[in-house]
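Architecture at a glance
So the chains spell out like this:
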Amino acid sequence: MRINCPHCGERSLDEFSYLGDAVVRPDPASPNAQDAFYAYGYERANVAGPMQELWYHAAGCHAWLVVTRDTRTHEISEVKSAQEVALARQKVAGTAQ
Amino acid sequence: MPRSDRYSIFSVFLEGLRGQTGWGPAWRKASPKPSYDVVIVGGGGHGLATAYYLAKRYGLTNVAVVEKGWIGSGNVGRNTTIVRSNYLLPGNIPFYEMSMKLWEGLEQDLNYNAMVSQRGVLNLYHSDAQRDAYARRGNAMRLHGIDAELLDREAVRSMYPWLNYDSARFPIQGGLLQRRGGTVRHDAVAWGYARGADRLGVDIIENAEVTGFRLDKGKITGVETTRGFIGANKVGLAVAGNSSRVAAMAGLTLPIESHVLQAFVSEGIKPLIDGVVTFGAGHFYVSQSDKGGLVFGGDIDGYNTYAQRGNLPVVEDVLEGGMALMPRIGRVRLLRSWGGIMDMSMDGSPIIDRTPTEGLYFNGGWCYGGFKATPASGLCFAHLIARNEPHEVARAYRLDRFRTGHMIDEKGMGNQPNLH
Amino acid sequence: MIQSSQTSRLKNRGLIDRSQPLDFTFDGVPYTGYAGDTLASALLANGVRLVGRSFKYHRPRGILTAGSEEPNALVELRSGARREPNTRATVAELFNGLEAKSQNRFPSLSLDLLAINGLVSPFLSAGFYYKTFMWPAAFWEKLYEPMIRRAAGLGRAAPEHDPDSYDKATAYCDVLVVGSGPSGLMAALSAARAGARVILADESFAFGGRLLSDARTVDGKSGADWVASVIAELKSFPGVQLMSRTTVFGAYDTGTFGAVERVADHVAIPAAGVPRQRLWRIVAKHSIIAQGAGERPIVFGNNDRPGVMLASAVRTYINRFGVAPGETAVVFSNNDEGASTIEDLVSAGVTVAGLVDTRTSLPPAIKSLARKHGIRVFEGAVVADALGGSRVTGARIIASYGAPQTVACNLIAVSGGFNPNLQVTTHQGSRPQWRDDLAAFVPGALPKGMAVSGSAKGTYGLASCLKEGAQAGAAAAAAGGFVATAAAIPAADDEPTEVSAFWHVESSKHKAFVDQQNDVTAADVRLAEREGFQSVEHLKRYTTLGMATDQGKTSNVNGLAMLAALTGKTIPATGVTAARPPYTPVAIGALAGEHRDKHFKPTRLTPSHDWAKERGAVFIETGLWLRAQYFPKPGETDWLTTVSREVTTVRNSVGVCDVSTLGKIEIHGTDAGKFLDRVYINMMSTLGVGKARYGMMLREDGIAMDDGTAARFADDRYFITTTTANAIKVLQHLEFCRQWVWPELDVQLFPVSDQWAQYSVAGPRARDLLAKIVDAPFDISNAAFPYMAVAELTVLGGIKARLYRLSFSGEMAYEIAVPARHGDLLMRTLMSKGEEFGVTPYGTEALGVMRIEKGHVAGPELNGTTTCADLGLGKMASTKKDFIGRILSQRPGLADPNRPRVVGFKPVDKSARLRGGAHFIAKDAEPVARNDLGFMTSVAFSPSLGHWVGLGFLAGAESRMGEILRAVDPVRNSDILVEVVSPVFYDGEGARLRV
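Residues numbered from 1 in each chain as written. Chains lettered and ligands numbered in written order. Predicted model: local features only at pLDDT ≥ 70, side-chain atom pairs only at ≥ 80, totals over all residues. Heavy atoms only, no water.

As recorded in an unreviewed UniProt entry, chain C goes by the name N-methylglutamate dehydrogenase subunit C, listed as coming from Hyphomicrobium facile. In its Sequence similarities (unreviewed entry) section, the UniProt record describing chain C reads: "Belongs to the GcvT family." (UniProt positions renumbered as here; feature names shortened; annotations may be inferred.)

An unreviewed UniProt entry lists chain A under the name N-methylglutamate dehydrogenase subunit B, with Hyphomicrobium facile as the source organism.

All names here are of chain B. Here helix α4 (residues 128-143) contains 16 residues, and its C-alpha end-to-end distance of 22 Å stays within 8% of the 22 Å for a straight helix at 1.5 Å per residue. Burial in α4 covers these residues: D132, Y134, A135, R136, R137, G138, N139, A140, M141 and L143. Positive phi shows up at G145, right after α4, with a value of about 80°. (Helix = DSSP H or I, 4+ residues; strand = E, 2+ residues; numbered from the N terminus. Expected span 1.5 Å × (residues − 1). Buried < 20%, exposed > 50% of the residue type's maximum accessible area, 1.4 Å probe, protein only.)

Another point: helix α8 (residues 312-325) of chain B. Between its first and last C-alpha atoms α8(B) spans 20 Å; for 14 residues at 1.5 Å apiece the expected length is 20 Å, and the two agree. A large share of α8(B) lies buried, amounting to 13 of its 14 residues.

Before going further, it helps to examine the interface of chain B and chain C. Much of the literature gives interface size as the accessible area that the parts lose upon coming together. Residue-level contacts link 110 residues of chain B with 120 residues of chain C. Across the chain B to chain C interface the summed buried area is about 9,800 Å²; carbon plus sulfur atoms make up 56%. Its largest share of buried area at the contact with chain C, chain B owes to B:L143, B:R169 and B:R331, together 11% of the area lost on that side. For the pair chain B and chain C, the number of links is 13 salt bridges. In this structure, B:R119 and C:E145 form a salt bridge, with 3.0 Å as the shortest nitrogen-oxygen distance. Secondary-structure elements contributing two or more residues to the side of chain B that touches chain C are α1 (9-17), α3 (93-110), α4, α6 (186-199), β12 (256-268), α8, β16 (333-345) and α10 (401-404) of chain B. If you tally residues by element for the side of chain B that touches chain C, the top one is α4(B), at 10 residues. (Contact = heavy atoms within 4.5 Å. Buried area = accessible area lost by both parts, 1.4 Å probe. Salt bridge = Lys/Arg side-chain N within 4 Å of Asp/Glu carboxyl O.)

Looking now at the interface of chain A and chain B. Contacts between chain A and chain B engage 24 residues on the former and 26 residues on the latter. A buried area of about 2,100 Å², summed over both sides, lies between chain A and chain B, and 50% of it is on carbon and sulfur atoms. Along the contact surface separating chain A from chain B lie two salt bridges. When the shortest N-O distance is used, the salt bridge between A:D35 and B:R403 registers 3.0 Å. Our count for the chain A to chain B interface comes out at 18 residue pairs in polar contact (both at pLDDT 80 or more). Looking at the side of chain A that touches chain B, the elements with two or more residues in it are β3 (17-21), α1 (33-42) and β4 (50-56) of chain A. Partitioned by chemical class, the residues of the side of chain A that touches chain B number 11 nonpolar, six polar and seven charged. (Polar contact = N/O pair within 3.5 Å; in protein donor to acceptor, adjacent residues only side chain to side chain. Nonpolar A, V, L, I, M, F, W, Y, C, P; charged D, E, K, R; others polar.)

What follows is the structure in structure tokens.
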């Protein structure tokens with residue numbers, strides 16, 4: 001498997017390490033923080049099909065990436081910088097408020 | 001001509017004389033009845049063992065096992081066949097030791113030779129810290145009445161004189177040995193339990209994939225399958241590898257990820273390794289099958305997957321470990337590699353528990369320790385289903401232990417399944 | 001005598017080089033062959049037909065094929081440390097001095113005592129072992145299994161470590177072509193002409209595939225000559241890499257292929273510096289699988305006798321190797337291959353005693369060909385049995401008409417049709433499709449970027465193969481953005497390739513082998529079906545069909561066709577077992593490459609490693625690092641003496657320890673303090689500039705992850721250290737927090753672990769020593785630079801440095817860091833300037849002793865299951881802020897006050913030794929699990945106190961202070977009494993730190 005790092009280009013699997021489901025850390029101040037953190041930590045997506053997941057380019061640029069990959073075929077349809085995804089998410093959240 | 005049903009010296013001899021024509025099917029090709037007391041989803045080792053013990057120990061014989069393909073097509077048919085009970089934590093030790101004891105009596109119980117072979121499991125250590133960690137483990141086992149020996153380098157050398165002692169990057173300092181550990185012919189476990197369950201009246205229904213669950217007021221009433229609806233008072237899930245997918249049909253989210261573990265076998269060679277050896281400084285463990293192939297494996301690939309195959313980096317990593325430990329095997333050839341999908345739980349330990357849905361029971365999260373657990377898993381799951389309360393040795397395997405913070409984390413890797 | 005006669009060698013035939021005779025031995029007997037031979041062709045040339053013994057029944061076996069699918073002719077190649085078990089004689093390239101031995105026989109190949117298994121074979125049916133060997137139970141490990149294990153297996157592994165080296169490399173290309181037959185060559189040519197970077201790989205030592213085996217012409221040239229012209233053109237392209245002796249064994253995700261190149265298997269010993277084999281990871285944008293097709297045998301009685309050979313192999317031995325594999329042949333076929341075989345046999349002067357074809361009405365062309373050569377034709381007929389023992393002596397032929405008749409022959413050329421070699425196309429989960437017209441499986445849906453061409457796709461005619469290859473090559477190049485047209489198709493004909501499905505001669509009473517290597521017979525298939533093993537996977541697993549070293553290349557389709565017939569299902573409904581990588585077996589050494597012995601993993605050395613080596617340090621592996629464990633002085637004979645002396649010197653004067661292996665990260669930005677507050681349990685934003693603070697990080701699940709120090713050099717500039725073990729993990733975690741969790745923060749992380757050499761200078765004279773190297777005007781006095789102060793300064797006349805007043809040892813201590821290139825100089829200077837104080841270097845052992853004396857937790861305590869409260873650090877956690885791990889650490893199981901806590905232990909008998917890993921039991925309790933109170937994690941002999949001290953986790957720790965417990969260690973036969981004490985054994989007030 002090869003991942004097309006937006007900074008380094010396409011690189012072999014062994015340069016990356018895997019975290020899993022690209023879930024967002026919940027708000028620690030929310031009243032149901034215990035439940036939310038339990039779900040964040042333990043009930044991670046495990047779908048058979050396309051999944052958004054976090055990878056780290058450990059032997060490269062040290063970027064965290066959001067990779068969209070089909071867990072049945074290992075086909076990767078999209079790779080994005082995690083930081084850019086996270087910033088965009090905050091922007092949307094900010095607009096929504 | 002009478003059928004030979006029971007395996008005995010007499011029947012084997014008789015069939016030899018009459019051209020093996022008197023054997024009947026090891027299990028019937030059952031078609032689903034409208035309903036059962038219990039339906040077990042998953043005709044792997046755990047599901048079949050559960051059905052067997054439900055019938056044998058708990059008197060429940062109106063039981064069906066539904067399997068989407070052929071029985072034994074999951075991890076019982078694609079593992080590296082090791083059995084052992086060298087666990088560290090109190091939540092695990094009694095369970096795996098019960099499993100070990102069941103293995104020891106399995107063949108007589110089932111009248112089926114699954115080749116349970118106790119040739120020893122040796123975990124090598126390469127540093128003082130590793131030695132002390134293994135001492136802690138060995139001592140925990142001994143306090144539970146389980147055999148464990150801490151060997152020094154010379155004792156390891158006398159067992160396996162040809163490992164790499166003198167030019168190793170991480171020299172072998174010793175090992176933790178469980179002599180009662182060993183290997184079992186994996187496929188035969190599925191067939192033996194299937195045959196045993198079948199003889200007690202259990203229906204084994206192959207090529208029936210579960211497509212949904214039917215509920216009535218929060219209580220389970222049966223399963224939808226590709227061979228039609230099958231009613232059930234109780235349903236047990238034993239579909240490790242696909243647990244999340246199947247449980248999702250019942251609206252259940254599990255603390256589990258699916259990962260692929262590759263396994264390997266070499267061409268057959270004359271006896272080289274008697275027992276099981278695990279390399280403490282790399283990802284590699286090895287034994288030799290009775291057919292002569294070196295059977296070995298290492299780490300999981302490390303990413304979520306439902307494809308039963310892995311990639312080259314892990315292949316290389318495992319083989320590097322093999323050569324580092326045993327430079328004699330450089331010219332032996334790898335024959336085949338394959339992958340199995342593991343239910344990786346969030347603490348590396350399994351789950352055998354009720355679910356929030358009445359009548360629906362869950363067994364999974366076996367990580368890559370499922371094969372050795374097969375008998376105890378079957379027995380404990382049967383107990384849970386029959387009595388609606390956990391078996392004594394499986395009390396810690398609760399579904400809610402992550403919520404309450406009672407993890408059973410042998411490796412200390414936390415909620416990152418690919419590190420267990 | 002040495003020069004044997006090569007009686008079966010044909011004159012003026014074959015692609016061998018007769019000017020290069022090569023000597024070799026088989027079972028000790030000397031023979032001669034030629035360059036260009038395989039071991040199999042050379043043995044056949046010398047009239048050797050019996051080559052091996054079978055796995056289970058020890059039946060005599062010969063050579064069935066001429067390729068990598070060979071199930072029978074497996075030998076031990078070479079000897080001593082280079083012994084290679086199970087080497088297929090059909091692919092082993094002959095070299096001068098080659099030694100081969102038959103295997104799995106005792107005492108000799110011609111007289112094998114285990115052939116008695118054949119006599120008791122009625123009892124040894126498929127799966128017999130599942131039904132027996134159970135009485136009595138204890139006999140399994142002691143008697144039955146050892147017996148089975150000794151009998152099983154084939155060759156023997158080498159007796160010594162592999163003396164050869166292996167290599168790994170990665171190659172990139174636009175188009176990978178696997179297989180250099182007609183289709184593969186045309187594909188490579190079309191892609192190369194378009195300008196694509198092409199890799200052409202073939203498992204053989206010669207390119208050309210079937211073109212070397214067939215007596216066919218292409219463009220009016222012989223096959224071999226045409227191949228040579230194409231290869232010459234391919235060589236002219238700079239972007240083309242031609243890889244012979246290279247097997248592409250696996251297809252992995254995203255166009256990655258595994259391949260093994262046999263660099264030096266064709267010589268006796270690899271030349272100096274040359275690896276035996278090389279593992280290639282080939283990354284291809286597009287791939288064309290053109291691995292041809294493999295012939296399958298027909299299953300008939302005694303079809304395993306030496307002299308039964310695949311028809312295509314017969315033709316290969318004649319045309320490529322110039323060898324007649326028999327003198328009188330019967331050809332048994334269900335397809336048009338029979339006719340081509342007749343022609344080659346006749347041209348080689350072999351008498352053809354009969355053409356037996358299962359088809360009731362043969363094409364007229366074949367009949368007239370047979371008539372021309374005066375060959376008897378048996379239409380609608382079968383060879384029911386081969387006659388003979390260790391050599392075929394005849395064929396028993398049964399036709400639909402007339403009585404069975406026996407025809408004398410010593411070669412039966414058999415063809416049951418062809419199976420496309422599609423294994424590599426299925427490695428990523430694709431399932432083959434059945435084609436009735438071919439009576440074969442062809443590739444199904446292909447992975448992205450992969451194409452199949454020629455016989456591998458079920459396209460058998462030569463002209464069609466050439467054409468399809470040219471198109472596939474052009475298409476792959478075009479898909480890669482090149483302007484491509486298919487290369488012009490050379491002149492060639494399509495030969496007839498009609499086939500009629502026929503698998504198994506049921507009329508035989510003899511053993512008929514489906515899987516020859518694993519000795520799986522037709523009766524075994526019937527038995528499996530009878531016992532309910534009716535899934536193709538069950539059949540495989542129950543009978544071991546297809547599980548031999550050829551992965552069933554010559555047996556799978558026959559087996560499942562027979563199963564289909566028994567169950568009344570169609571072949572496609574019966575299904576097929578999956579082929580798994582590798583395509584052919586690959587040496588374990590090749591997959592490991594150079595990663596063995598000391599090079600198994602990289603070795604990391606600190607900047608002053610050479611100095612430590614000169615100083616006589618004993619080193620220890622710490623992860624990938626080699627660290628100095630202790631520094632023995634002349635006359636010190638055991639490690640404890642040395643370590644105790646190092647500790648005592650530090651406690652009384654001064655010592656220096658290399659701590660360069662610590663993880664080091666610069667954290668910059670206006671939000672650096674805020675960021676650190678969120679990742680440490682304690683406050684870091686309140687840390688003053690010029691100060692350091694101990695910090696603890698949790699994982700998000702509330703468990704302690706790592707500890708270290710944070711130092712602040714400016715408002716927006718921190719520097720943190722991690723433990724050696726967690727350096728990489730902590731960086732990854734912090735990057736996760738920075739990029740994904742709080743992307744809005746102005747923070748930058750710079751890993752600088754390797755940039756700084758860092759040394760701990762510890763002991764009452766530490767300041768005096770450092771005063772000698774710091775440059776003026778830096779004031780190192782206690783008042784100006786107190787405990788937990790940090791500073792940037794210069795040392796040794798202008799070398800940039802950082803000084804931290806930190807202590808792990810419990811003494812007044814500093815850590816001093818200089819750029820890595822100055823580490824060696826700094827260490828040497830500290831040693832020479834410290835002579836007057838009696839300075840000692842100290843290693844990881846003394847470091848560990850002092851940290852245990854001080855009760856500092858480390859790796860054995862931060863074991864991934866402990867909370868900061870367990871570690872006695874609960875009070876460090878700030879209640880004024882959120883931090884990673886805070887929420888989940890509040891779960892009841894982790895917040896439980898009864899969890900085991902770290903405490904100290906000392907032996908009641910002061911001479912007793914403590915052991916890490918011992919468990920604690922109440923003094924009067926039985927040593928069983930229910931009384932288990934905890935375990936010892938870290939122990940050391942404290943020279944400061946004169947007895948062993950230990951740290952460990954204890955349940956109910958608070959209420960047990962001062963209690964006497966048993967520390968039981970049954971695995972080391974130790975059971976001693978210990979006292980529960982404070983974990984801080986030395987200078988509890990910390991007075992020595994601040995002086």
